[in-house]
Amino acid sequence: MASEHHHRYHSMPESSSTTMASFFSFAYAPAPEGTSMFDELPKATIVSVSRPDAGDISPLLLTYTFLFRYKQFKWHLVKKAPHVFYLHFVLKKRLLFEEIHEKQEQVKEWLQNLGIGDNAPVVQDEDEPDDDPVLLHHEESVRNRDVPSSAALGVIRPVLVRQSSIADRAKVAMQEYLNHFLGNLEIVNCREVCKFLEVSTLSFSPEYGPKLKEDYVMVKHLPKIVKDDDSRICCACNWFDCCNDNWQKVWAVLKPGFLALLGDPFDTKPLDIIVFDVLPPSDGNGEGRVSLAVEVKERNPLRHAFKVTCGNRSIRLRTKSGAKVKDWVAAINDAGLRRPEGWCHPHRFGSFAPPRGLTEDGSQAQWFVDGMAAFDAIASSIENAKSEIFICGWWLCPELYLRRPFHAHASSRLDALVEAKAKQGVQIYILLYKEVALALKINSIYSKKRFLKIHENVRVLRYPDHFSSGVYLWSHHEKLVIVDHHICFIGGLDLCFGRYDSPEHKIDDKPPLIWPGKDYYNPRESEPNSWEETMKDELDRGKYPRMPWHDVHCALWGPPCRDVARHFVQRWNYAKRNKAPYEEAIPLLIPRQHMVIPHYLGRSQEILESVSMAFEDNAKNMKRQSSFSSRSSFQDIPLLMPQEAEELSGSHGSPKSVWLDTTTRKSVSFSFQKSKIEPFVADTPLKGFVDDLDALYLHKKPSELKTQLTTDTEWWETQEWDNQVSLVEENGSIGPRASCRCQIIRSVSQWSAGTSQVEESIHCAYCSLIEKAEHFIYIENQFFISGLTGDEVIRNRVLEALYQRIMQAYNDNKCFRVIVVIPLLPGFQGGIDDSGAASVRAIMHWQYRTICRGQHSILHNLHELLGHKAHDYISFYGLRAYGKLFDDGPVATSQVYVHSKIMIIDDSAALIGSANINDRSLLGSRDSEIGVLIEDKELVDSCMGGKPWKAGRFALSLRLSLWSEHLGIRQGEVNQIVDPISDSTHRDIWVATAKMNTTIYQDVFSCVPNDHIHSRSTFRQTIASLKEKLSHNTIDLGIAPKKLETHQNGEVKQTDTMDRLKSVRGHLVYFPLNFMCKEDLRPVYKESEYYASPQVFH
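This part takes up the overall build of the protein chain. Broken down by element type, the protein chain carries 27 helices and 36 strands. Here the protein chain has roughly 44400 Å² of accessible surface; of this, 50% comes from carbon and sulfur atoms.

Take a look at the structure:
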């Protein structure tokens, strides 16, 4: 906070200054030029005055408790009288220096007027640049800065009367003194007063949250800080060798979400920062939850220390006294652990982030189907960036065009967008996955070099270093773009080649208009060995189709966006400490603050009392039930009430642990909820959840709830923003910007984010949502590899949740449908029978093992109990497209690669993110992932099973968009698919379309995979027969003959290929359950994949 009228103080010439400093035994240190803590006057109130002993009448023994207010900030300080006296004399010393300096200037001017001192040296302030002379202060200015000595007299010598009134008189005198020097903005902004008030450059930035505690501390872990004064001294004593072992004095700033260390209160960049994160539920010694800060006993009685531990970091700090240690420990633990605000407690599903949107806090979401819509929105947000941009990706291509046709949108190329914003002063941080070069060809080092050449405002980190970290198998898989902490994009789309696509899913582009060079991408055919010649084609466009790419992305605004940004900051800082700890060009980032719930100030006790009342009112009605017994509307899934850790049960490692017992209770019907009885459900095995706002206010009316939760707005979202994405039309590719309840979930661990424990909140969310689904589950995912109870190889239990929910529906004789859409083949190079395609076959093995082959598959287990009815409950599909490669060219087909990672429940909630359904993505200790659970608040009339149903605007519109694309539904026909489980939709449209499209593609192309090829030998025979008809084919047999031969009444009839394909509607086809069913698809000893860990593939 810079002040235009910041006053410059002058020092004496070096010799005089040194003499005076030694006389006063402390050095004068002006505030840095242009730095001003206050732009308006703060206010102070003395809350209390106390004495250590009632018999003491000395004013030096009085202790004052101050309450300071500045704008929306308020903080308490406890000061003893000597602290005030010291401040007074420091200010008097400052004034004395200025007066001496002004007298010198007057004498010099007098001598010059006499012609004596023409060549006299000019006194310069050593802190001022030589080319910036400063005018003398006139008398009025000096008078304005005068320290109120007379006001201090009452503080030093209060009138001796009755002992009971001494404190009162001292309070009055101190208040008068404070009013004097706090009434002058120049004095308030001087360094000495700022230190006395315990403020810094981070104190009054609203984005970092309320002011908590600040003071000097000593640390040892930082590199040497170059300073000109004696600030390294930790105590007043110089004889006990306390400070000669690399300990340094720094300014510590405590905020609700972090502890930052500054070299000086006026510094703007932190030397170090601890971002608070979920702590382990136990310290391993049976002494309860781990504390964020603990006191440390020192051997030397003059040393007083405490330790702060969070994630994989533990920092030791010293203070001047044991009392200060206790104050710091209490303040840090209160900030990080106090319920319900603290970041160190896990929330629903075990997530680091709480559900947002419980009140009108600005939480909004908008979906995008396929790359064209998402990339355009991302480009618009980047173009509107004002301060900073975070980009995180598994693969990032600098030459990617975010708008097409590419020749008409040169400025939309990613490197051009980044360059334009960097030149405008926007700070850009890019976090790349550092791949194992032998396994992947994404060439992140090339991307890093290209981005770093753009501008100094672009910083790039790659992580992990495989050798030093020992991490070879796992990857950073998140796909994030965050702009100004205001809007973020999250989902399945990397900003890289091959991802741009539209709902049409074209397979051709000759001549190139949409996909230039290597962006014309088909990893089934060929993976480029080099990405440096990006505009040079890798594939022959006249012979090979591109592989269409289907994906889902979403934008988030408000607190969920800042939760995602907090995740990025955590990962960036962890990578910086490991990769570039001493590189000043790569700074540590500070997370923006937002309350864990939107009533931070002064609400904790009230909330806890409400919790207690809720428990008392409902305790008599609570009873334990089977974890699969009671069903509720998903949007009414309650959050968990604050409890002690031992009150929640569940083992983190148990296959059944994600389904805890439920407790029924009555619920208030909110204005955006369906009124019904709902169970009180523990959603995750982790302990100590804190977020049940529904439960906290069971006894309040909705109107009272809304009023109470929006009372304290001074810390909550108050800044107005212009819409950065104006694409809100509910068309086929872009969803409505809807107010929703959003919760960020992720998969992280020590290696990926430096956390102290594994977080698998995406896994927990999947299992919990499936359990609570009432009618319908729709899944799209790149992989589908999961396990049932008892499976010792596959550890994630999404499959078990589906199996249990289907059996519950069967036992209840209720209609329940699960639809799963996945790729027809893994998107890796190599034909099914090729010697180099062992990875493709291995992934196929694990997917078929999950779906239909062997005792661990879901269809095998359902068939044993349900027979053919199993397919009424769960079915699997893929996507396919066709087209001519060029005018009069061959007709080709390719699978539409399903890369989306979504799940829609009952048209009321949607889970969107980067996580695949496999152990790599869901266990938390392997690939790092991030996603968001979106629960609708805006309800619309719909149908479910032929009955009226209140669907969510976000979830329903997303499903209708996806189904319209897959089924080829035209704009006026959407009403046909509104009811997802009725026979008229499921059997007559969805299943019938998949069956018809599959038959046509098989008749025209004989493409793979299909249900007619059961072995590799049969596959070879099919290839041989097609070679007789076609001179060229693709790796998956995707080229059609010019004419189709059909036999009717003993005659051979030829028809045009395109005429037959015109009957195809949309892209939906069956997933071939019998493809290669007679083959063991696991790698054999002759293949290098045989010696790799099977965990790589699942």
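There is more to say after this.
Here we come to empty space enclosed by the protein. Following the criterion strictly, the structure yields 18 cavities of 30 Å³ or more and no others. For the largest cavity, the calculated volume is near 170 Å³. If you trace the largest cavity, you find 15 residues lining it, with V275, R313, Q570, R577 and G754 closest to the centre. Secondary-structure elements contributing two or more residues to the lining of the largest cavity are β7 (272-275) and α13 (559-579). Looking at the lining of the largest cavity element by element, the count peaks at four residues for α13. Broken down by class, the residue content of the lining of the largest cavity amounts to six nonpolar, six polar and three charged. If you add up the space inside the second largest cavity, you get close to 130 Å³. If you trace the second largest cavity, you find 14 residues lining it, with T893, S894, Q895, T1034 and D1036 closest to the centre. Ranked by residue count, the leading element in the lining of the second largest cavity is strand β27 (residues 891-895), at three residues. Grouping the constituent residues of the lining of the second largest cavity by class yields four nonpolar, six polar and four charged.

Okay, the sheet that holds strand β4 (residues 214-219) next. Strand order in the open sheet formed by seven strands is β7-β6-β5-β4-β10-β9-β8, with antiparallel pairing between adjacent strands. Each edge of the open sheet is held by one strand with a lone partner, namely β7 and β8 (293-296). On average, each strand axis in the sheet is inclined to that of its neighbour by 35°, with strand direction left out of account. Examined bridge by bridge, β4 and strand β10 (residues 313-319) share two bridges and lie antiparallel to one another. Bridge pairing links V219 to L317 in β10. Its contacts with the sheet put helix α8 (residues 322-337) on β4, β5 (248-255), β6 (258-262), β8, β9 (304-310) and β10, and the angle it makes with β9 is roughly 15°. α13 contacts β7 and β10 of the sheet and is inclined by roughly 135° relative to β7.

A volume near 1400 Å³ is recorded for the second largest pocket. Lining the second largest pocket are 45 residues, with W394, A439, L440, F828 and S839 positioned closest to its centre. Of all elements in the fold, only α20 (838-851) and α23 (919-922) reach the threshold of two or more residues within the lining of the second largest pocket. The element contributing the most residues to the lining of the second largest pocket is α20, with three residues. Looking at the lining of the second largest pocket residue by residue, the classes come out as 24 nonpolar, 12 polar and nine charged.

With 163 residues, the main nonpolar core has F276, I332, L495, L556, Y778, I934 and L958 as its most contacted residues. Apart from residues no more than four positions distant in its own chain, L495 is found in contact with F375, I378, I391, W395, L396, C397, L400, L402, L414 and V481.

Further remarks concern the packing of helix α18 (residues 761-772) against helix α19 (residues 798-811). Angle between the axes and distance between the axes are the two parameters that describe a pair of packed helices. Two elements in contact, α18 and α19, have axes separated by 9 Å at closest approach and are oriented at 5°. Viewed along their axes, α18 and α19 adopt a mutual orientation that is roughly parallel. Here H763, Y766, C767, I770 and E771 of α18 lie close against α19, whose contacting residues are V798, A801, L802 and R805. Considered class by class, the residues forming the contact of α18 with α19 number six nonpolar, one polar and two charged.

With respect to the helices and strands, the residue D415 is situated in helix α10 (residues 414-423). If we skip the residues at most four places from it in the chain, D415 touches P398, R450, F451 and I454.

Take the sheet that holds strand β2 (residues 63-70) next. On the basis of which strands lie adjacent, the open sheet formed by three strands has the order β1-β2-β3 and antiparallel pairing. Edge positions in the sheet fall to β1 (43-50) and β3 (73-80), since each has one partner strand and no second. With direction set aside, neighbouring strand axes in the sheet form an average angle of 20°.

A few words on the pairing of strand β18 (residues 552-557). With six of its six residues buried, β18 lies for the most part within the structure. With six bridges connecting them, strand β11 (residues 364-369) and β18 associate as antiparallel partners. Residue pairing for β18: V369 is matched across the bridge by V552. Sheet topology note: the strand β16 (residues 487-491)/β18 ladder contains five bridges and is antiparallel. Counted as the bridge partner of F489 is A555 from β18.

It is the contact of helix α24 (residues 953-967) with helix α25 (residues 983-1005), at a shortest axis distance of 10 Å, that shows an interaxial angle of 50°. Relative to α25, the element α24 lies oblique. Side by side, α24 and α25 meet where W963, H966 and L967 of the first sit next to T985, I989, W990 and T993 of the second. Its residues assigned to classes, the contact of α24 with α25 comprises four nonpolar, three polar and no charged.

By the criterion of burial, strand β30 (residues 909-913) is predominantly enclosed, with five of the five residues buried. Side-chain alternation along β30 places A909, L911 and G913 on one buried face and A910 and I912 on a second face that is also buried. Pairing of strand β29 (residues 902-905) with β30 involves four bridges; the strand directions are antiparallel. The partner of M903 across the bridge, within β30, is L911.

A surface patch of nonpolar side chains, about 500 Å² in accessible area, is lined by V1084, Y1085, Y1090 and Y1091. Positionally, Y1091 belongs in the segment after β36 (1068-1070). The exposure class assigned to Y1091 is exposed, which follows from its relative accessible area of 62%.

Let us look at the pattern of salt bridges. Evaluation of the coordinates by the stated rule reveals 49 salt bridges. R313 is paired through a salt bridge with D272; the nearest N and O atoms lie 2.8 Å apart. Within this pair, whereas R313 is found in strand β10, its partner D272 is found in strand β7, the two being separated by 41 residues in sequence. Each of the two residues, R313 as well as D272, counts as buried.

Summary statistics for the protein chain give a mean pLDDT of 80 and a share of 75% for residues scoring 70 or more. Note that pLDDT drops below 50 for residues 234-241; the model gives that stretch nine contacts with residues more than four away or on any other chain.

A separate point is the packing of aromatic side chains. The tally for this structure, following the rule as stated, stands at 35 aromatic pairs. Here the aromatic residues F38, Y64, F66, F68, Y70, F73, W75, F196 and F204 are joined through ring pairs into a cluster of three or more. The side chain of R737 reaches across the aromatic face of W557, ending 3.8 Å from its centre. Here the guanidinium or amino end of R959 rests over the ring plane of W963, the centre of that ring lying 4.6 Å away.

The rules behind each value
Residues numbered from 1 in each chain as written. Predicted model: local features only at pLDDT ≥ 70, side-chain atom pairs only at ≥ 80, totals over all residues. Heavy atoms only, no water. Helix = DSSP H or I, 4+ residues; strand = E, 2+ residues; numbered from the N terminus. Areas by Shrake-Rupley, 256 points an atom, 1.4 Å probe, with all protein chains shown as cover. 1 Å grid on protein atoms, 1.4 Å probe; cavity = no way out; pocket = protein on both sides within 12 Å on 5 of 7 lines; lining within 4 Å. Points joined across faces, edges and corners; volume = space filled by probe spheres on them. Nonpolar A, V, L, I, M, F, W, Y, C, P; charged D, E, K, R; others polar. Pairing = 2+ DSSP bridges. Axes fitted to C-alpha atoms, helices over the stretch in contact; angles between N-to-C directions. Contact = heavy atoms within 4.5 Å. Core = buried A, V, L, I, M, F, W, Y, C linked by side-chain atoms within 4.5 Å. Buried < 20%, exposed > 50% of the residue type's maximum accessible area, 1.4 Å probe, protein only. Parallel < 35°, antiparallel > 145°, perpendicular 65-115°, else oblique. Patch = residues over 30% accessible without salt bridge, like charges linked within 9 Å, V, L, I, M, F, W, Y side chains within 5 Å. Salt bridge = Lys/Arg side-chain N within 4 Å of Asp/Glu carboxyl O. pLDDT = per-residue confidence, 0-100. Phe/Tyr/Trp six-rings, centres within 6.5 Å; stacked < 30°, edge-to-face > 60°. Lys NZ or Arg CZ within 6 Å of the ring centre and 35° of its normal.

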